[in-house]
Amino acid sequence: MLMGEMATLTQTLSDDTIELLATEFEREIEIVSASDDDEQEVVFDDSEAEMVQRPPVVTIMGHVDHGKTSLLDKLRETEVASGEAGGITQHIGAYQVHHGDDTITFLDTPGHAAFTAMRARGARVTDIAVIVVAADDGVKPQTQEAIDHARAADVPIIVAVNKIDKEGADPVRVRTEMATIGLNPADWGGDTEFVDVSAKTGEGLDDLLDTIGVVAEIQELTANADTEASGVVIEARLDQGRGPVATVLIQRGTLEIGDPIVSGPNWGKVRALIDYTGERIEVAGVGDPVLVLGFNSVPSAGDLAMVVDSEKTARTKAEERDTRLKAEAIARRSGRKFSLEDVFKRDRAGEEMKGLPLILKADVAGSLEAFEDEIAKLPQSEVLVDIVHSGVGGVTESDVMLAAASQAIIIGFNVRPVGDAARVADHEGVEIRSYEIIYRALEDLRDAMEGLLDPEQ
Ligand code: GDP
(Lines give C-alpha, C1' and ligand atoms only; values in the text may rest on other atoms or scores of the structure.)
Protein backbone atom coordinates (compact mmCIF):
# COMPACT_ATOMS: atom_id res chain seq x y z
CA MET A 1 0.00 0.00 0.00
CA LEU A 2 2.91 2.33 0.64
CA MET A 3 3.75 1.81 -3.02
CA GLY A 4 0.41 3.25 -3.96
CA GLU A 5 -1.46 0.02 -4.69
CA MET A 6 -4.51 -0.40 -2.47
CA ALA A 7 -4.05 -4.15 -2.37
CA THR A 8 -6.16 -6.50 -0.29
CA LEU A 9 -5.15 -9.90 0.99
CA THR A 10 -6.66 -11.87 -1.87
CA GLN A 11 -5.87 -9.49 -4.70
CA THR A 12 -3.67 -10.49 -7.65
CA LEU A 13 -0.72 -8.19 -8.34
CA SER A 14 0.96 -7.41 -11.63
CA ASP A 15 4.37 -8.90 -12.42
CA ASP A 16 5.92 -5.44 -12.16
CA THR A 17 4.56 -4.87 -8.68
CA ILE A 18 5.70 -8.27 -7.51
CA GLU A 19 9.17 -7.60 -8.83
CA LEU A 20 9.28 -4.25 -7.05
CA LEU A 21 8.16 -5.85 -3.81
CA ALA A 22 10.78 -8.54 -4.15
CA THR A 23 13.46 -5.90 -4.47
CA GLU A 24 12.11 -4.05 -1.42
CA PHE A 25 12.30 -7.20 0.67
CA GLU A 26 15.52 -8.39 -0.93
CA ARG A 27 14.03 -11.62 -2.08
CA GLU A 28 14.65 -13.49 -5.30
CA ILE A 29 11.57 -14.39 -7.24
CA GLU A 30 10.87 -16.26 -10.43
CA ILE A 31 7.72 -15.47 -12.32
CA VAL A 32 6.12 -18.57 -13.78
CA SER A 33 3.24 -18.12 -16.14
CA ALA A 34 0.41 -20.53 -16.74
CA SER A 35 0.14 -19.53 -20.36
CA ASP A 36 3.70 -20.52 -21.13
CA ASP A 37 2.78 -23.56 -19.23
CA ASP A 38 5.03 -25.89 -17.34
CA GLU A 39 4.25 -28.75 -19.69
CA GLN A 40 4.77 -26.58 -22.72
CA GLU A 41 8.37 -26.30 -21.53
CA VAL A 42 8.85 -29.95 -20.68
CA VAL A 43 12.05 -31.36 -22.07
CA PHE A 44 11.66 -35.05 -22.75
CA ASP A 45 14.76 -37.11 -22.32
CA ASP A 46 14.03 -39.76 -24.89
CA SER A 47 17.01 -41.89 -25.75
CA GLU A 48 18.12 -42.00 -29.38
CA ALA A 49 17.04 -45.61 -29.65
CA GLU A 50 13.41 -44.75 -28.99
CA MET A 51 13.21 -42.15 -31.71
CA VAL A 52 11.44 -42.80 -34.97
CA GLN A 53 11.07 -40.64 -38.03
CA ARG A 54 7.92 -38.55 -38.11
CA PRO A 55 6.12 -36.78 -40.98
CA PRO A 56 6.91 -33.10 -41.52
CA VAL A 57 4.11 -30.64 -40.82
CA VAL A 58 3.62 -28.09 -43.58
CA THR A 59 1.74 -24.77 -43.58
CA ILE A 60 0.87 -22.99 -46.81
CA MET A 61 1.07 -19.19 -46.74
CA GLY A 62 1.04 -16.35 -49.26
CA HIS A 63 -0.87 -13.41 -50.69
CA VAL A 64 -4.64 -13.58 -51.06
CA ASP A 65 -5.80 -15.22 -54.32
CA HIS A 66 -2.38 -16.62 -55.12
CA GLY A 67 -3.78 -20.15 -54.80
CA LYS A 68 -3.24 -21.41 -51.24
CA THR A 69 -6.66 -23.06 -50.97
CA SER A 70 -6.51 -24.42 -54.52
CA LEU A 71 -3.13 -25.98 -53.80
CA LEU A 72 -4.40 -27.64 -50.63
CA ASP A 73 -7.48 -28.89 -52.49
CA LYS A 74 -5.48 -30.26 -55.40
CA LEU A 75 -3.04 -32.08 -53.11
CA ARG A 76 -5.95 -33.62 -51.24
CA GLU A 77 -7.66 -34.58 -54.48
CA THR A 78 -4.49 -36.29 -55.70
CA GLU A 79 -4.30 -38.22 -52.43
CA VAL A 80 -7.88 -39.41 -52.84
CA ALA A 81 -7.29 -40.36 -56.49
CA SER A 82 -4.24 -42.42 -55.50
CA GLY A 83 -6.55 -44.59 -53.40
CA GLU A 84 -4.60 -44.00 -50.21
CA ALA A 85 -7.55 -42.33 -48.57
CA GLY A 86 -11.04 -43.64 -49.12
CA GLY A 87 -13.07 -40.60 -49.96
CA ILE A 88 -12.00 -37.67 -47.91
CA THR A 89 -14.99 -35.84 -46.61
CA GLN A 90 -13.94 -34.88 -43.13
CA HIS A 91 -12.42 -31.47 -42.53
CA ILE A 92 -10.45 -31.70 -39.30
CA GLY A 93 -7.88 -28.93 -39.85
CA ALA A 94 -5.12 -31.07 -41.28
CA TYR A 95 -4.64 -34.01 -43.63
CA GLN A 96 -1.88 -36.22 -44.87
CA VAL A 97 -0.45 -36.93 -48.28
CA HIS A 98 1.47 -40.09 -49.11
CA HIS A 99 4.21 -39.66 -51.63
CA GLY A 100 6.61 -42.51 -52.36
CA ASP A 101 7.78 -43.64 -48.94
CA ASP A 102 7.03 -40.27 -47.39
CA THR A 103 4.04 -39.09 -45.42
CA ILE A 104 3.51 -35.34 -45.22
CA THR A 105 1.03 -33.60 -42.91
CA PHE A 106 -0.57 -30.42 -44.25
CA LEU A 107 -2.37 -27.95 -42.02
CA ASP A 108 -5.37 -26.96 -44.06
CA THR A 109 -6.01 -23.55 -42.59
CA PRO A 110 -3.78 -21.60 -44.93
CA GLY A 111 -2.24 -18.26 -44.10
CA HIS A 112 0.04 -16.80 -41.51
CA ALA A 113 -2.68 -15.64 -39.10
CA ALA A 114 -3.43 -19.12 -37.75
CA PHE A 115 0.25 -20.00 -37.88
CA THR A 116 1.29 -17.05 -35.73
CA ALA A 117 -1.69 -17.24 -33.39
CA MET A 118 -0.55 -20.75 -32.46
CA ARG A 119 3.02 -19.62 -32.05
CA ALA A 120 1.91 -16.79 -29.78
CA ARG A 121 0.51 -19.47 -27.47
CA GLY A 122 3.89 -21.11 -27.37
CA ALA A 123 3.11 -23.96 -29.74
CA ARG A 124 5.58 -24.96 -32.36
CA VAL A 125 3.71 -26.93 -34.96
CA THR A 126 4.99 -26.16 -38.44
CA ASP A 127 8.23 -27.66 -39.73
CA ILE A 128 8.13 -26.20 -43.22
CA ALA A 129 6.38 -23.15 -44.70
CA VAL A 130 5.38 -23.24 -48.35
CA ILE A 131 5.05 -19.67 -49.61
CA VAL A 132 2.77 -19.50 -52.63
CA VAL A 133 3.38 -16.74 -55.18
CA ALA A 134 1.24 -16.42 -58.32
CA ALA A 135 3.47 -16.33 -61.38
CA ASP A 136 1.19 -13.80 -63.07
CA ASP A 137 1.14 -11.43 -60.11
CA GLY A 138 4.52 -11.63 -58.36
CA VAL A 139 5.51 -10.61 -54.85
CA LYS A 140 2.77 -8.73 -53.00
CA PRO A 141 2.55 -7.21 -49.47
CA GLN A 142 1.15 -10.38 -47.90
CA THR A 143 3.89 -12.43 -49.57
CA GLN A 144 6.41 -10.33 -47.68
CA GLU A 145 4.32 -10.60 -44.54
CA ALA A 146 4.15 -14.39 -44.82
CA ILE A 147 7.92 -14.56 -45.26
CA ASP A 148 8.45 -12.37 -42.18
CA HIS A 149 6.14 -14.59 -40.13
CA ALA A 150 7.94 -17.77 -41.27
CA ARG A 151 11.34 -16.22 -40.61
CA ALA A 152 10.36 -14.95 -37.16
CA ALA A 153 9.43 -18.56 -36.36
CA ASP A 154 12.68 -19.81 -37.84
CA VAL A 155 10.85 -22.21 -40.13
CA PRO A 156 12.45 -23.20 -43.45
CA ILE A 157 10.74 -21.81 -46.54
CA ILE A 158 9.94 -23.45 -49.87
CA VAL A 159 8.56 -21.17 -52.57
CA ALA A 160 5.79 -22.56 -54.77
CA VAL A 161 5.48 -20.45 -57.91
CA ASN A 162 1.84 -21.07 -58.76
CA LYS A 163 -0.43 -20.53 -61.78
CA ILE A 164 2.29 -21.39 -64.29
CA ASP A 165 -0.48 -22.60 -66.62
CA LYS A 166 -1.73 -19.04 -67.00
CA GLU A 167 -0.97 -16.77 -69.86
CA GLY A 168 1.35 -14.02 -68.70
CA ALA A 169 2.90 -16.29 -66.06
CA ASP A 170 6.49 -15.25 -65.47
CA PRO A 171 8.20 -17.60 -63.00
CA VAL A 172 11.58 -15.97 -63.66
CA ARG A 173 10.26 -12.59 -62.57
CA VAL A 174 9.00 -14.15 -59.33
CA ARG A 175 12.49 -15.53 -58.68
CA THR A 176 14.08 -12.14 -59.33
CA GLU A 177 11.63 -10.38 -57.01
CA MET A 178 12.10 -12.99 -54.29
CA ALA A 179 15.89 -12.74 -54.61
CA THR A 180 15.72 -9.01 -53.94
CA ILE A 181 14.00 -9.73 -50.62
CA GLY A 182 16.55 -12.28 -49.58
CA LEU A 183 15.18 -15.58 -50.86
CA ASN A 184 17.73 -16.72 -53.39
CA PRO A 185 16.63 -19.60 -55.62
CA ALA A 186 18.67 -22.78 -55.21
CA ASP A 187 18.74 -23.18 -59.00
CA TRP A 188 20.53 -19.83 -59.11
CA GLY A 189 23.06 -20.84 -56.49
CA GLY A 190 21.06 -19.63 -53.48
CA ASP A 191 19.62 -21.73 -50.68
CA THR A 192 15.85 -21.47 -51.10
CA GLU A 193 14.02 -24.15 -53.07
CA PHE A 194 11.61 -22.85 -55.72
CA VAL A 195 9.11 -25.15 -57.41
CA ASP A 196 6.91 -24.17 -60.36
CA VAL A 197 3.38 -25.51 -59.93
CA SER A 198 -0.18 -25.21 -61.14
CA ALA A 199 -2.87 -25.87 -58.60
CA LYS A 200 -5.26 -26.01 -61.55
CA THR A 201 -3.62 -28.68 -63.73
CA GLY A 202 -1.62 -30.38 -60.98
CA GLU A 203 1.64 -29.78 -62.83
CA GLY A 204 4.67 -29.64 -60.56
CA LEU A 205 2.91 -31.02 -57.47
CA ASP A 206 5.09 -34.14 -57.47
CA ASP A 207 8.14 -31.88 -57.53
CA LEU A 208 6.74 -29.88 -54.65
CA LEU A 209 6.20 -33.03 -52.57
CA ASP A 210 9.71 -34.26 -53.48
CA THR A 211 11.17 -30.95 -52.36
CA ILE A 212 9.24 -31.04 -49.09
CA GLY A 213 10.66 -34.54 -48.56
CA VAL A 214 14.21 -33.30 -49.12
CA VAL A 215 13.86 -30.27 -46.84
CA ALA A 216 12.26 -32.48 -44.17
CA GLU A 217 15.10 -34.97 -44.37
CA ILE A 218 17.66 -32.26 -43.63
CA GLN A 219 15.71 -31.36 -40.49
CA GLU A 220 15.88 -34.94 -39.18
CA LEU A 221 12.41 -34.90 -37.67
CA THR A 222 12.10 -37.63 -35.09
CA ALA A 223 9.99 -38.36 -32.04
CA ASN A 224 9.45 -41.06 -29.46
CA ALA A 225 6.42 -43.01 -30.62
CA ASP A 226 6.36 -45.55 -27.82
CA THR A 227 5.06 -43.47 -24.95
CA GLU A 228 2.03 -41.57 -23.73
CA ALA A 229 0.82 -39.12 -26.32
CA SER A 230 1.19 -35.38 -26.35
CA GLY A 231 0.53 -32.89 -29.09
CA VAL A 232 -0.95 -29.54 -29.98
CA VAL A 233 -4.60 -28.66 -30.49
CA ILE A 234 -4.86 -27.17 -33.98
CA GLU A 235 -8.62 -26.76 -34.14
CA ALA A 236 -11.54 -27.29 -31.77
CA ARG A 237 -15.25 -26.64 -31.67
CA LEU A 238 -18.51 -27.68 -30.11
CA ASP A 239 -20.19 -30.25 -32.32
CA GLN A 240 -23.97 -30.49 -31.99
CA GLY A 241 -24.13 -34.25 -31.80
CA ARG A 242 -20.71 -35.11 -30.46
CA GLY A 243 -19.97 -32.39 -27.92
CA PRO A 244 -16.52 -30.77 -27.74
CA VAL A 245 -14.23 -32.03 -30.50
CA ALA A 246 -10.57 -31.12 -30.93
CA THR A 247 -8.06 -31.92 -33.62
CA VAL A 248 -4.79 -32.82 -31.98
CA LEU A 249 -1.58 -33.05 -33.95
CA ILE A 250 0.34 -35.80 -32.19
CA GLN A 251 3.93 -34.73 -31.63
CA ARG A 252 5.08 -37.54 -29.38
CA GLY A 253 3.79 -40.93 -28.37
CA THR A 254 0.65 -42.81 -29.36
CA LEU A 255 -2.88 -41.77 -28.49
CA GLU A 256 -5.43 -44.46 -27.74
CA ILE A 257 -9.11 -44.67 -26.97
CA GLY A 258 -9.66 -44.52 -23.20
CA ASP A 259 -6.59 -42.34 -22.52
CA PRO A 260 -7.14 -39.64 -19.86
CA ILE A 261 -6.20 -36.35 -21.49
CA VAL A 262 -5.74 -32.74 -20.42
CA SER A 263 -5.40 -29.58 -22.51
CA GLY A 264 -5.15 -26.20 -20.81
CA PRO A 265 -8.10 -25.96 -18.43
CA ASN A 266 -9.95 -28.74 -20.29
CA TRP A 267 -9.80 -32.44 -19.64
CA GLY A 268 -11.49 -35.68 -20.54
CA LYS A 269 -11.12 -39.29 -21.52
CA VAL A 270 -10.67 -40.14 -25.20
CA ARG A 271 -14.02 -41.56 -26.31
CA ALA A 272 -13.36 -41.83 -30.03
CA LEU A 273 -10.68 -40.95 -32.57
CA ILE A 274 -11.45 -39.94 -36.15
CA ASP A 275 -8.82 -39.43 -38.83
CA TYR A 276 -8.79 -37.01 -41.78
CA THR A 277 -10.56 -39.51 -44.01
CA GLY A 278 -13.50 -39.62 -41.62
CA GLU A 279 -12.62 -43.13 -40.43
CA ARG A 280 -12.90 -44.09 -36.80
CA ILE A 281 -9.52 -45.33 -35.62
CA GLU A 282 -8.25 -47.01 -32.44
CA VAL A 283 -4.83 -45.35 -32.18
CA ALA A 284 -3.10 -42.28 -33.61
CA GLY A 285 0.67 -42.04 -33.96
CA VAL A 286 3.38 -39.42 -34.15
CA GLY A 287 2.74 -36.77 -36.80
CA ASP A 288 -0.91 -37.77 -37.24
CA PRO A 289 -3.68 -35.20 -36.99
CA VAL A 290 -6.66 -36.76 -35.24
CA LEU A 291 -10.07 -35.59 -34.13
CA VAL A 292 -10.48 -36.36 -30.43
CA LEU A 293 -13.91 -36.82 -28.84
CA GLY A 294 -14.36 -36.83 -25.08
CA PHE A 295 -13.21 -33.45 -23.76
CA ASN A 296 -15.43 -31.89 -21.09
CA SER A 297 -15.21 -28.48 -22.78
CA VAL A 298 -13.71 -27.01 -25.93
CA PRO A 299 -9.89 -26.67 -25.82
CA SER A 300 -8.09 -23.72 -27.45
CA ALA A 301 -6.07 -23.96 -30.65
CA GLY A 302 -2.39 -23.74 -29.79
CA ASP A 303 -2.73 -25.40 -26.40
CA LEU A 304 -0.81 -28.51 -25.59
CA ALA A 305 -2.83 -31.69 -25.11
CA MET A 306 -1.31 -34.52 -23.16
CA VAL A 307 -2.17 -37.90 -21.81
CA VAL A 308 -1.80 -38.34 -18.07
CA ASP A 309 -1.98 -41.39 -15.80
CA SER A 310 -5.58 -41.09 -14.69
CA GLU A 311 -8.78 -39.16 -15.14
CA LYS A 312 -8.32 -37.79 -11.66
CA THR A 313 -4.93 -36.31 -12.55
CA ALA A 314 -6.38 -34.87 -15.76
CA ARG A 315 -9.13 -33.17 -13.83
CA THR A 316 -6.84 -31.82 -11.10
CA LYS A 317 -4.34 -30.45 -13.60
CA ALA A 318 -7.09 -28.81 -15.64
CA GLU A 319 -8.61 -27.20 -12.57
CA GLU A 320 -5.28 -25.90 -11.32
CA ARG A 321 -4.58 -24.37 -14.66
CA ASP A 322 -8.02 -22.82 -14.84
CA THR A 323 -7.41 -21.01 -11.56
CA ARG A 324 -3.99 -19.80 -12.61
CA LEU A 325 -5.18 -18.60 -16.01
CA LYS A 326 -7.95 -16.59 -14.39
CA ALA A 327 -5.52 -15.00 -11.93
CA GLU A 328 -3.21 -14.15 -14.79
CA ALA A 329 -5.95 -12.57 -16.83
CA ILE A 330 -6.60 -10.24 -13.92
CA ALA A 331 -2.93 -9.45 -13.47
CA ARG A 332 -2.48 -8.82 -17.17
CA ARG A 333 -4.92 -5.95 -17.06
CA SER A 334 -2.52 -4.07 -14.85
CA GLY A 335 0.65 -4.67 -16.78
CA ARG A 336 2.07 -5.26 -20.21
CA LYS A 337 4.20 -8.24 -21.05
CA PHE A 338 6.59 -6.52 -23.43
CA SER A 339 6.97 -2.79 -23.25
CA LEU A 340 9.82 -0.59 -24.32
CA GLU A 341 10.71 0.38 -20.78
CA ASP A 342 10.62 -3.24 -19.60
CA VAL A 343 13.09 -4.38 -22.22
CA PHE A 344 15.72 -2.04 -20.88
CA LYS A 345 14.78 -2.59 -17.27
CA ARG A 346 15.47 -6.26 -17.82
CA ASP A 347 18.75 -5.32 -19.41
CA ARG A 348 19.83 -3.23 -16.45
CA ALA A 349 18.76 -5.95 -14.05
CA GLY A 350 21.56 -7.94 -15.59
CA GLU A 351 19.36 -10.29 -17.55
CA GLU A 352 20.73 -11.22 -20.88
CA MET A 353 19.34 -8.95 -23.53
CA LYS A 354 18.78 -10.80 -26.72
CA GLY A 355 17.78 -7.74 -28.67
CA LEU A 356 14.87 -5.46 -29.18
CA PRO A 357 12.43 -6.93 -31.67
CA LEU A 358 10.36 -4.25 -33.39
CA ILE A 359 7.48 -4.24 -35.82
CA LEU A 360 7.22 -1.02 -37.81
CA LYS A 361 4.11 0.27 -39.54
CA ALA A 362 3.80 3.57 -41.38
CA ASP A 363 1.51 5.45 -43.72
CA VAL A 364 4.27 5.81 -46.31
CA ALA A 365 7.26 3.67 -47.25
CA GLY A 366 9.61 6.66 -46.89
CA SER A 367 9.13 6.86 -43.10
CA LEU A 368 9.98 3.19 -42.71
CA GLU A 369 13.20 3.57 -44.65
CA ALA A 370 14.20 6.72 -42.81
CA PHE A 371 13.54 5.09 -39.43
CA GLU A 372 15.45 1.95 -40.34
CA ASP A 373 18.40 4.10 -41.47
CA GLU A 374 18.41 6.01 -38.19
CA ILE A 375 18.18 2.82 -36.15
CA ALA A 376 21.18 1.45 -37.97
CA LYS A 377 23.12 4.47 -36.69
CA LEU A 378 22.37 3.73 -33.02
CA PRO A 379 25.22 2.08 -31.14
CA GLN A 380 24.29 -1.55 -31.60
CA SER A 381 26.40 -2.67 -28.67
CA GLU A 382 23.76 -1.12 -26.46
CA VAL A 383 20.67 -2.16 -28.31
CA LEU A 384 20.39 -4.93 -30.82
CA VAL A 385 17.38 -3.84 -32.80
CA ASP A 386 15.75 -6.62 -34.74
CA ILE A 387 13.10 -5.53 -37.21
CA VAL A 388 10.81 -8.54 -37.34
CA HIS A 389 8.44 -6.99 -39.85
CA SER A 390 7.82 -3.62 -41.43
CA GLY A 391 5.07 -2.53 -43.74
CA VAL A 392 2.84 0.25 -44.98
CA GLY A 393 -0.64 0.47 -43.47
CA GLY A 394 -2.43 0.44 -40.13
CA VAL A 395 -1.49 -1.86 -37.26
CA THR A 396 -3.43 -5.07 -37.88
CA GLU A 397 -4.35 -8.01 -35.68
CA SER A 398 -1.81 -10.06 -37.61
CA ASP A 399 0.94 -7.56 -36.63
CA VAL A 400 -0.14 -7.85 -33.01
CA MET A 401 -0.05 -11.65 -33.05
CA LEU A 402 3.39 -11.56 -34.66
CA ALA A 403 4.50 -9.17 -31.92
CA ALA A 404 3.07 -11.45 -29.25
CA ALA A 405 4.83 -14.46 -30.74
CA SER A 406 8.14 -12.61 -31.16
CA GLN A 407 7.92 -10.57 -27.92
CA ALA A 408 8.15 -7.49 -30.11
CA ILE A 409 7.00 -3.91 -29.64
CA ILE A 410 4.99 -2.24 -32.40
CA ILE A 411 5.91 1.24 -33.55
CA GLY A 412 3.46 3.06 -35.79
CA PHE A 413 4.09 6.28 -37.70
CA ASN A 414 0.94 8.17 -38.54
CA VAL A 415 -1.03 4.97 -38.36
CA ARG A 416 -3.45 3.60 -35.81
CA PRO A 417 -4.55 0.12 -34.84
CA VAL A 418 -7.26 -1.10 -37.21
CA GLY A 419 -10.10 -3.52 -36.64
CA ASP A 420 -9.64 -5.58 -33.53
CA ALA A 421 -5.91 -4.87 -33.22
CA ALA A 422 -6.07 -2.61 -30.14
CA ARG A 423 -8.23 -5.05 -28.20
CA VAL A 424 -6.06 -8.02 -29.12
CA ALA A 425 -2.92 -6.04 -28.18
CA ASP A 426 -4.43 -5.35 -24.80
CA HIS A 427 -5.29 -8.98 -24.32
CA GLU A 428 -1.90 -10.26 -25.46
CA GLY A 429 0.04 -7.63 -23.51
CA VAL A 430 1.60 -6.11 -26.62
CA GLU A 431 2.69 -2.48 -26.62
CA ILE A 432 1.75 -0.31 -29.60
CA ARG A 433 3.54 3.05 -29.63
CA SER A 434 2.28 5.66 -32.05
CA TYR A 435 4.35 8.54 -33.37
CA GLU A 436 3.92 11.31 -35.83
CA ILE A 437 7.58 11.94 -36.48
CA ILE A 438 10.40 9.46 -36.49
CA TYR A 439 12.69 11.57 -34.32
CA ARG A 440 10.27 11.26 -31.42
CA ALA A 441 10.46 7.48 -31.73
CA LEU A 442 14.26 7.60 -31.81
CA GLU A 443 14.27 9.86 -28.77
CA ASP A 444 12.10 7.39 -26.90
CA LEU A 445 14.38 4.55 -27.88
CA ARG A 446 17.36 6.47 -26.51
CA ASP A 447 15.48 7.47 -23.36
CA ALA A 448 14.41 3.91 -22.78
CA MET A 449 18.02 2.85 -23.12
CA GLU A 450 18.96 5.35 -20.45
CA GLY A 451 16.05 4.43 -18.23
CA LEU A 452 14.25 7.74 -18.55
CA LEU A 453 11.18 6.70 -20.42
CA ASP A 454 7.74 7.40 -19.04
CA PRO A 455 5.35 4.59 -19.84
CA GLU A 456 2.94 5.55 -22.62
CA GLN A 457 -0.61 5.65 -21.38
P1 GDP B 1 -6.07 -18.16 -51.91
O2 GDP B 1 -6.78 -16.89 -51.57
O3 GDP B 1 -4.58 -17.99 -51.88
O4 GDP B 1 -6.51 -19.36 -51.11
O5 GDP B 1 -6.39 -18.46 -53.46
P6 GDP B 1 -7.43 -19.47 -54.10
O7 GDP B 1 -6.95 -20.86 -53.99
O8 GDP B 1 -8.79 -19.15 -53.61
O9 GDP B 1 -7.29 -19.08 -55.63
C10 GDP B 1 -7.68 -17.80 -56.13
C11 GDP B 1 -8.10 -17.94 -57.57
O12 GDP B 1 -7.01 -18.36 -58.38
C13 GDP B 1 -9.21 -18.95 -57.78
O14 GDP B 1 -10.11 -18.44 -58.72
C15 GDP B 1 -8.49 -20.16 -58.33
O16 GDP B 1 -9.30 -20.92 -59.17
C17 GDP B 1 -7.35 -19.52 -59.12
N18 GDP B 1 -6.16 -20.39 -59.19
C19 GDP B 1 -5.49 -20.92 -58.14
N20 GDP B 1 -4.45 -21.64 -58.57
C21 GDP B 1 -4.44 -21.56 -59.91
C22 GDP B 1 -3.59 -22.09 -60.95
O23 GDP B 1 -2.61 -22.78 -60.71
N24 GDP B 1 -3.91 -21.77 -62.23
C25 GDP B 1 -4.97 -21.00 -62.54
N26 GDP B 1 -5.19 -20.74 -63.83
N27 GDP B 1 -5.80 -20.48 -61.61
C28 GDP B 1 -5.54 -20.75 -60.31
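To keep things clear, this report deals only with the structure shown in the data block. (Residues numbered from 1 in each chain as written. Predicted model: local features only at pLDDT ≥ 70, side-chain atom pairs only at ≥ 80, totals over all residues. Heavy atoms only, no water.)

Moving on to the overall build of the chain. From N to C terminus, the chain includes 12 helices and 21 strands. Going through the 457 residues of the chain one by one, you find that 48% of them count as buried. Long-range contacts, defined as pairs at least 24 residues apart, comprise 72% of the intrachain contacts of the chain with a sequence gap of at least 6. (Helix = DSSP H or I, 4+ residues; strand = E, 2+ residues; numbered from the N terminus. Buried < 20%, exposed > 50% of the residue type's maximum accessible area, 1.4 Å probe, protein only. Contact = heavy atoms within 4.5 Å.)

Near the ligand lie 15 residues; those nearest to it are D65, K68, T69, S70 and D165. Interatomic distance of 2.5 Å between a side-chain N/O atom of S70 and an oxygen atom of the ligand. A distance of 2.9 Å is found between an oxygen atom of the ligand and a backbone nitrogen or oxygen belonging to A199. Protein coverage of the free-state accessible area of the ligand, which is 580 Å², stands at 72%. It is helix 2 (residues 68-81) that contributes the most residues to the shell around the ligand, 3 residues altogether. Split by residue class, the shell around the ligand holds 2 nonpolar, 7 polar and 6 charged. (Near = heavy atom within 4 Å. Polar contact = N/O pair within 3.5 Å; in protein donor to acceptor, adjacent residues only side chain to side chain. Areas by Shrake-Rupley, 256 points an atom, 1.4 Å probe, with all protein chains shown as cover. Nonpolar A, V, L, I, M, F, W, Y, C, P; charged D, E, K, R; others polar.)

Taken together, the 4 bridges between strand 20 (residues 409-413) and strand 21 (residues 432-435) define a ladder with parallel strand orientation. By the bridge assignment, I410 is partnered in strand 21 with I432. In terms of handedness, the path from strand 20 via helix 11 (residues 421-428) over to strand 21 forms a crossover that is right-handed. (Pairing = 2+ DSSP bridges. Right-handed = clockwise from strand over helix to strand, strands pointing away.)

Now for the nonpolar core. The biggest cluster of nonpolar side chains holds 31 residues, and the ones touching the most others in it are L71, L75, F106, V130, I158, L208 and I212. Looking at which element gives the most residues to this core, the answer is helix 6 (residues 205-219), with 6 residues. Dropping the residues within four chain positions of it, I212 is found in contact with P56, V58, I104, F106, I128, V130 and I158. Judged by nonpolar contacts, the second largest core, of 19 residues, contains L340, L442, L445 and A448. (Core = buried A, V, L, I, M, F, W, Y, C linked by side-chain atoms within 4.5 Å.)

Attention shifts here to the sheet that holds strand 21. Strand order in the open sheet made by the 4 strands is 19-18-20-21, with parallel pairing throughout. Lying at the two open borders of the sheet, with one neighbouring strand each, are strand 19 (385-392) and strand 21. Strand after strand, the sheet turns through a mean of 20° between neighbouring axes, direction not considered. (Axes fitted to C-alpha atoms, helices over the stretch in contact; angles between N-to-C directions.)

This paragraph deals with the pattern of salt bridges. Close approach of charged atoms allows side chains of opposite charge to pair. One pass over the full model with this rule turns up 18 salt bridges. Between K140 and D137 there is a salt bridge, and its shortest N-O distance comes to 3.6 Å. Take K140: its relative accessible area is 27%, and that puts it in the partly exposed class. For D137, a relative accessible area of 28% corresponds to the partly exposed category. One salt-bridge network, held together by shared partners, links R175, D187 and D196. (Salt bridge = Lys/Arg side-chain N within 4 Å of Asp/Glu carboxyl O.)

This paragraph deals with the packing of helix 3 (residues 112-120) against helix 4 (residues 141-152). Where helix 3 meets helix 4, the closest approach of the two axes is 10 Å, and the angle between their N-to-C directions is 25°. In this view, helix 3 runs roughly parallel relative to helix 4, as classed from their interaxial angle. By crossing handedness, the relation of helix 3 to helix 4 is classed as left-handed. From helix 3, H112, F115, T116 and R119 reach across to helix 4, where they touch Q142, E145, A146, H149, A150 and A152. Along the lines of polarity and charge, the residues of the contact of helix 3 with helix 4 split into 4 nonpolar, 4 polar and 2 charged. (Parallel < 35°, antiparallel > 145°, perpendicular 65-115°, else oblique. Left-handed = near helix turned anticlockwise from the far one by under 90°.)

Phi angles above zero are rare outside glycine, and D65 is one such case at about 70°. The residue D65 is located in the loop between strand 2 (57-62) and helix 2 in this model. Take D65: its relative accessible area is 63%, and that puts it in the exposed class.

Residues separated by three or four positions in an α-helix point in the same direction, a consequence of the helix having 3.6 residues per turn. For helix 11, the set of buried residues is A421, V424, A425 and E428. On an axial view of helix 11, the arc spanned by its buried residues comes to 105°, and they lie on one face. Of the exposed residues in helix 11, those oriented more than 90 degrees away from the buried face are R423 and D426. The positive-phi residue at the C-terminal boundary of helix 11 is G429, with phi of around 70°. (Arc of directions from axis to C-beta.)

Everything listed here is a matter of geometry and, on its own, says nothing about what the molecule does.
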